[in-house]
Amino acid sequence: KIKDKGSGGYINGQNIVLLILVTPKVSLPVGFEIYQPDPAKQAWQKADKKLKQKGIAKKQRPAAPPNHPDYPSKAQLALKLMRQFRQHHTITIKAVVADALYGQADLMDSAAAIFDGTQVISQLRHNQNIHFRNRIQSLSHYFERHPGVEQQLRIRGQDPITATVGSLRVKVCAHGQKRFVIALKYAGESDYRYLVATDLSWRTLDIIQAYSIRWIVEVFIEDWKSYEGWAQLAKQTGEEGTSYGLTLSLLLDLSLLLHPRQLARIENKLPAYTVGSLLRMIQMESWLLHVEQLLRSANPAEQLIQIA
């Protein structure tokens, strides 16, 4: 089964990291890795949580075990996928976009380097500190005193909407360098979300609109979850079964790009159909074909009994 968790998800009980290529015409999954947590670290986290609840100070609690090379983190898996993609393809990447889980300094700098200094956009937590005018303060504290202004935005090419936006180029303490930080609040929201970008030369609105494309990943996962038959009917479990199911699913997705209706959308510069909507069309076409054959047959009643 599949359920959302960040930009990846659980499939057959396995946590995956997805790399998706988003283009103006079509969005394609171009890589996946199965994330396996370190059992030693899981045990430490469980024990540390219990000690913390008992009020034991951090310096008196056991230190975290060192990272094991056999259990790479999600950030390391994401960088591996990006390096593999860059190695095998010469596609120009305009921006790398990821959610807050991947908003770490080393990952953002490494991703930018992989794609020749391209823009990398992620999110920061509200309590992360910035160094502004010789003073360290949290993002939420700064933007309480320097609220944003209303701006007109176009999200994924749709009609303009109004949002409250504030921004500054400032040193992010956890990153150890200057970043482009944006506070964003859509109409009806009470709290800001905080975007962070590596390339300081971009405009504020360009960064916001580029980050909005990340939602396509969630659409992709939801489409997968709802309409890919292997997800509900998978007979193999574990890491091996998950890999087989994912590979089969990706092959199905790619084959559907050659469907006449899909080709027509792409050739006319329209957004491609999702797998779910295209499968519904194929099912309807198949049903109509059966009805047509039934009506054209010499003995419809006998054919109907045969079909039943």
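Cut-off values and rules
Residues numbered from 1 in each chain as written. Predicted model: local features only at pLDDT ≥ 70, side-chain atom pairs only at ≥ 80, totals over all residues. Heavy atoms only, no water. Helix = DSSP H or I, 4+ residues; strand = E, 2+ residues; numbered from the N terminus. Expected span 1.5 Å × (residues − 1). Buried < 20%, exposed > 50% of the residue type's maximum accessible area, 1.4 Å probe, protein only. Salt bridge = Lys/Arg side-chain N within 4 Å of Asp/Glu carboxyl O. Pairing = 2+ DSSP bridges. Right-handed = clockwise from strand over helix to strand, strands pointing away. Phe/Tyr/Trp six-rings, centres within 6.5 Å; stacked < 30°, edge-to-face > 60°. Core = buried A, V, L, I, M, F, W, Y, C linked by side-chain atoms within 4.5 Å. Contact = heavy atoms within 4.5 Å.

Asks: Please give an account of helix H10 (residues 275-296) that cites residues and values.
Replies: Over its 22 residues, H10 extends 31 Å from the first C-alpha to the last, a length consistent with the 32 Å expected when each residue adds 1.5 Å. Regarding H10, the residues found buried are Val 275, Gly 276, Leu 278, Leu 279, Met 281 and Leu 294.

Asks: Describe the pattern of salt bridges, naming the residues involved and giving the relevant values.
Replies: Per the stated rule, a full pass over the model turns up 9 salt bridges. Its salt-bridge partner being Glu 33, residue Lys 80 comes within 3.3 Å of it at the nearest N-O pair. With Lys 80 in helix H2 (residues 74-88) and Glu 33 in strand S4 (residues 27-35), this pair connects stretches of sequence that are 47 residues apart. Taking relative accessible area as the criterion, Lys 80 reaches 37% and is therefore assigned partly exposed. Linking Arg 86 and Asp 116 is a salt bridge whose minimum nitrogen-to-oxygen distance equals 2.8 Å.

Asks: Describe unusual backbone geometry, and please don't skip the residues or the numbers.
Replies: Positive phi outside glycine occurs at Arg 133, with the angle close to 50 degrees. You can call Arg 133 exposed: its relative accessible area is 71%. If you check the backbone angles, Asn 134 has positive phi at about 60 degrees while not being a glycine. Within the secondary structure, Asn 134 sits in the loop between strand S7 (129-132) and strand S8 (135-138).

Asks: Give a detailed account of the pairing of strand S6 (residues 119-124), specifying residues and quantitative values.
Replies: Look at any regular strand and the pattern is simple: side chains alternate between the two faces of the sheet. The element S6 is largely enclosed, with a buried count of 6 among its 6 residues. With 3 bridges connecting them, strand S5 (residues 95-97) and S6 associate as parallel partners. Looking at S6, one finds that Val 97 is bridged to Ile 121. In this fold, S5 hands off to helix H3 (residues 105-114), which returns the chain to S6; that crossover is right-handed. Bridge count between S6 and strand S12 (residues 193-197): 4 bridges; the pairing is antiparallel. Bridging from a neighbouring strand, Ile 121 pairs with Ala 197 of S12.

Asks: Break down the packing of aromatic side chains for me, with residues and values.
Replies: Each aromatic ring pair is characterised by the separation of its centres together with the angle its planes make. Enumeration over the complete set of coordinates arrives at 5 aromatic pairs. Ring plane angle 70 degrees and centroid distance 5.1 Å describe the contact between Phe 132 and Tyr 142, whose orientation is recorded as edge-to-face. Taken together, the residues Phe 132 in strand S7 and Tyr 142 in helix H4 (residues 139-145) connect sequence positions 10 residues apart. Accessibility assignment for this pair places Phe 132 and Tyr 142 in one class, buried. Relative to Tyr 192, the ring of Phe 143 has its centre 6.1 Å away and its plane inclined at 50 degrees; by these criteria the two rings are tilted. Note that Phe 143 is positioned in helix H4 and Tyr 192 in the loop between strand S11 (177-186) and S12, a separation of 49 residues in sequence. Note on accessibility: Phe 143 and Tyr 192 belong to one class, buried. Through a chain of ring-to-ring contacts, three or more aromatic side chains come together here, namely Phe 132, Tyr 142, Phe 143, Tyr 192 and Tyr 194.

Asks: Could you give me a rundown of the nonpolar core, with the residues and numbers involved?
Replies: Among the nonpolar cores identified, the biggest contains 36 residues, and Met 82, Phe 143 and Val 181 are the most heavily contacted of them. The contact partners of Val 181, leaving out residues within four places of it in the chain, are Leu 124, Leu 139, Phe 143, Gly 166, Ser 167, Leu 168, Val 170, Val 172 and Leu 195. Judged by nonpolar contacts, the second largest core, of 15 residues, contains Ile 182, Ala 197, Ile 208 and Tyr 211.

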